[in-house]
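Residue strings, one per chain:
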Amino acid sequence: MNVGAGGRRGSLMRKLNIPRIGIDFKQFKKLGKLSKPGRVLVFEETGTGLHGAVASCTTSSAFALGATALSSAPDRAVAVGEVLAQLKSQSRKRLPRTAVLLTPCAAGALLSLPVNPKKPRPAAQMAEMVRWELEELVVQQNELWTLGALLMGRGHLSHEQRRELESRAQAEGRRLNAALYGEVVAREHLEECLLLQEQLTAGDEELATGWFGQAAGEEEEDSFSWLVAGVGSGLCDGWARAFKKHGVFLARIYPRTGACLPLIPPEADWLLVDAGPEQWSLFLGRGRRIEAMRLKPCAHGRAVAAEVVEAVGDLLPALCNRLYLSAPGDQWPELAAALDRAYGRRGLRVTPPLGDSPQPLDGDRLAALSGVARHHLGLGGKGMPMAPIVAQPPAPPLWKRRDLWPWMGIGLIVLSLGVLDTYFRIQGTRYQDELDRLDVEYATKMQLKKQAEEMAAEARKAQAALAAKEQELREAERQRDILDNVIRHRQELIPGLLQVLGESIGELVLLDSLEESADRKGFYLAGWALTDTDGQQFANTLNEQLQPWKFRVRDVKLIRAKGRLGLDGYQLSIWLTQASAPADNKPGVTSPPPAEKGTAKPAQSKSVQAARKSNARGSR
């Protein structure tokens, strides 16, 4: 009795007392949750500096945002290094290796696209649609980086000084250039800001884009609401390289506008006023859906309370439940008081977006950093959606990470040693069993081999006989086809053609010869007619009579000449071809057409000579 490989392996494992290992691969799905980042570096570029903080959220602790660090270095890589150095000094823990960036250079918008969020198009098509809509908006976003904005942002110019200089220049019709600000700002500060302005306003031909499709509304059938964002690909690559230089992976880029949206809980109707440097915006929402979005530039770098109140009145619905305000600490009291005076009697109380934090966040910067961090960590399920921009492809898999190669090597060595030990044990036992039964199987296999050779020889003989019979059968079928299709057909064709000639010929037409072509596909008919009309009438009648035989008349020629009786008339030559043959394909003949008078005539069959005699008797 032969034992299969699976049975031998099972018996050997039982002999060696090797326990079976049961692995539930469904448990590995739970490990996917552990791979999600619980901590992330959050950076904000203001155009005049770089702020950074560490955001964390674990299973044992709620969301927390650490202390912020600041760098004013104009070079991106240097600024990232300075912020990371400050964050390392503030915490004993190792810093995360993943970061997200918040920048006002990225433009955000609310678009209406003919794409259902449940059935989005491929990424390349979506990127092209969003890029087409955002190109002009990104250009307008770069216009925010005026020289006055950079001087004020870096602390070289106060808001009052900027407002006075720019108001006076506008009244006098002067341009806002370096000469205007040179009255109160040192030359080295002007050059520094001019260099920074050139870096921020460098135009990119391509855009890196992101999008998020909102839930379809009741009235949306052909056009759907999408949150989109875009930033210049050159700026995106520059920041990615700056972070990579310090061993940090830049995962996403968010627009500064609406960065605190994830801190707003979904309610019936709400309105957000987000005031930032050089720009402020309004967001009108219902539940988790953003219904409208407005962007406004700031006059002289700060939002004007009267303009904000007027814009809120134009957009505020009648049944609004919440009015949120996110603004810098020095502007929040003024804007909140103006909004409270205008809409407080309607029962609206101006509040900052808090999220899960029981205490108000200090300024708009912490609110923006917290909102972006919560969205990236997947904690924005209770807040508003956002459209992040993927800064670069995701991090490589574990087997491509060089920092894990030493540990992977040690693990492979240990695993290899265990596998080799088990393999050698199993192989030793299996070889011994094989040797015990080889002798028994050898004789059996030799006997089976002999029987197989005898059966193979008989099979070869049977195959040879079968091949001979098949050849005989094919030859018989070929001969039968020849008999059916050629001989029998010709036995009927020749008498039929002669009968048709006899029925078609007139009293003034004589036939001289009927010759078959070499390829047996046509006939050449030679004769004489007294007039050309008689010859044409004979050809037409013959063509009608040949249709049942699937032949036709072609190339009728009438040449003036004397006939056998010495009378003037026309020499007649006609080709009879099969009806299925092409019109320009002449069949070959065994002999040339009848020669002129005095030359030798071709040999003729007995049936043709008899037809000629009968025609001659009819003419007499």
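Side note on the overall build of the protein chain
And step 1. Of the regular secondary structure elements, the protein chain holds 15 helices and 19 strands.
And step 2. Across the 620 residues of the protein chain, 38% fall into the buried class.
And step 3. Taking the contacts inside the protein chain whose residues are at least 6 apart along the sequence as the reference set, 68% of them involve residues at least 24 apart.
And step 4. Here the protein chain displays about 36,800 Å² of accessible surface, and carbon together with sulfur accounts for 55% of that area.

Overview of helix α11 (residues 332–343)
And step 1. When the terminal C-alpha atoms of α11 are compared, their 16 Å separation across 12 residues agrees well with the 16 Å that a helix rising 1.5 Å per residue should span.
And step 2. Among the residues making up α11, those that are buried are Leu335, Ala336, Ala338, Leu339, Ala342 and Tyr343. Buried residues of α11, seen end-on, are gathered within an arc of 160 degrees and therefore sit on one face of the element. Turned more than 90 degrees away from the buried face of α11 sit Pro333 and Arg341, all of them exposed.
And step 3. Elements in contact with the buried residues of α11: β10 (270–276), α10 (305–315), β13 (322–326) and β14 (350–351).

Topic: the pairing of strand β12 (residues 289–297)
And step 1. Sheet analysis places strand β11 (residues 279–286) next to β12, joined by eight bridges and oriented antiparallel. When the bridges of β12 are listed, Phe283 appears paired with Met293.
And step 2. Counting the residues in the hairpin turn of β11 and β12 gives two residues, including Gly287, whose phi is positive at 65 degrees.

Side note on the packing of helix α3 (residues 76–90) against helix α9 (residues 233–244)
And step 1. One can describe the packing of α3 onto α9 by two numbers: an axis separation of 8 Å at closest approach and a directional angle of 45 degrees. Considered as vectors, α3 and α9 are oriented oblique to each other. In this structure, the crossing between α3 and α9 has a hand that is right-handed. Of the residues in α9, those in contact with Arg76, Ala77 and Val80 of α3 are Leu235, Gly238, Trp239, Ala242 and Phe243.
And step 2. For the contact of α3 with α9, the residue count by class is six nonpolar, one polar and one charged.

Description of a nonpolar patch on the surface
And step 1. Among the surface-exposed residues, Leu420, Tyr423, Phe424 and Tyr431 lie close enough to one another that they form a single nonpolar patch of about 450 Å² accessible area.
And step 2. Along the polypeptide, Phe424 turns up in helix α13 (residues 405–504).

Observations regarding the pattern of salt bridges
And step 1. Applying the stated rule across the entire model yields 19 salt bridges.
And step 2. Close ionic contact of Arg425 with Asp421 constitutes a salt bridge, the shortest N to O distance being 3.3 Å. You can see Arg425 and its partner Asp421 sitting in helix α13, four residues apart, about one turn around the helix.
And step 3. Of the residues examined, Asp421 reaches a relative accessible area of 40% and is grouped as partly exposed.

What to know about the sheet that holds strand β7 (residues 207–213)
And step 1. With antiparallel pairing, three strands are arranged side by side in an open sheet as β6-β8-β7. Each end of this open sheet is capped by a strand with a single partner; those strands are β6 (107–113) and β7. Mean inter-strand twist for the sheet, computed between neighbouring axes without regard to direction, equals 30 degrees.
And step 2. Contacts between α9 and the sheet are confined to β7 and β8 (224–232), with β8 contributing the most and set at about 65 degrees to the helix.

So, the sheet that holds β10
And step 1. Taken in spatial order, the five strands of this open sheet run β12-β11-β10-β13-β14, and their pairing is mixed. Both edges of this open sheet fall to β12 and β14, since each of them pairs with a single strand only.
And step 2. Of the strands in this sheet, β10, β11, β12 and β13 are in contact with α10, which crosses β11 at around 25 degrees.
And step 3. Across the sheet, α11 touches β10, β13 and β14, and the angle it forms with β13 is around 160 degrees.

As for the nonpolar core
And step 1. In terms of nonpolar packing, the biggest core is built from 43 residues, with Leu41, Phe43, Leu50, Leu151, Tyr181, Trp239 and Phe243 touching the most fellow members.
And step 2. In this view, Tyr181 contacts Leu147, Gly148, Leu151, Leu157, Leu165, Glu166, Leu176 and Leu190; residues no more than four positions away in its chain are not counted.
And step 3. Core analysis: the second largest hydrophobic core is formed by 28 residues, Leu335, Ala336, Leu339 and Leu348 among them.

Here's the deal with the environment of Pro266
And step 1. Following the sequence through the fold, Pro266 ends up in the loop between β9 (249–255) and β10.
And step 2. Residue class for Pro266 comes out partly exposed when judged on its relative accessible area of 38%.

Here's the deal with the packing of α10 against α11
And step 1. Two elements in contact, α10 and α11, have axes whose closest approach is 9 Å; the angle formed by their N-to-C orientations is 45 degrees. By the angle class used here, α10 and α11 are oblique. The chirality of how α10 crosses α11 is right-handed. The segment α10 lies against α11, with Ala305, Val308, Val309, Val312 and Gly313 engaging Glu334, Leu335, Ala338, Leu339, Ala342 and Tyr343.
And step 2. For the contact of α10 with α11, the per-class residue count stands at nine nonpolar, one polar and one charged.

Procedures and definitions
- Residues numbered from 1 in each chain as written.
- Predicted model: local features only at pLDDT ≥ 70, side-chain atom pairs only at ≥ 80, totals over all residues.
- Heavy atoms only, no water.
- Helix = DSSP H or I, 4+ residues; strand = E, 2+ residues; numbered from the N terminus.
- Buried < 20%, exposed > 50% of the residue type's maximum accessible area, 1.4 Å probe, protein only.
- Contact = heavy atoms within 4.5 Å.
- Areas by Shrake-Rupley, 256 points an atom, 1.4 Å probe, with all protein chains shown as cover.
- Expected span 1.5 Å × (residues − 1).
- Arc of directions from axis to C-beta.
- Pairing = 2+ DSSP bridges.
- Axes fitted to C-alpha atoms, helices over the stretch in contact; angles between N-to-C directions.
- Parallel < 35°, antiparallel > 145°, perpendicular 65-115°, else oblique.
- Left-handed = near helix turned anticlockwise from the far one by under 90°.
- Nonpolar A, V, L, I, M, F, W, Y, C, P; charged D, E, K, R; others polar.
- Patch = residues over 30% accessible without salt bridge, like charges linked within 9 Å, V, L, I, M, F, W, Y side chains within 5 Å.
- Salt bridge = Lys/Arg side-chain N within 4 Å of Asp/Glu carboxyl O.
- Core = buried A, V, L, I, M, F, W, Y, C linked by side-chain atoms within 4.5 Å.

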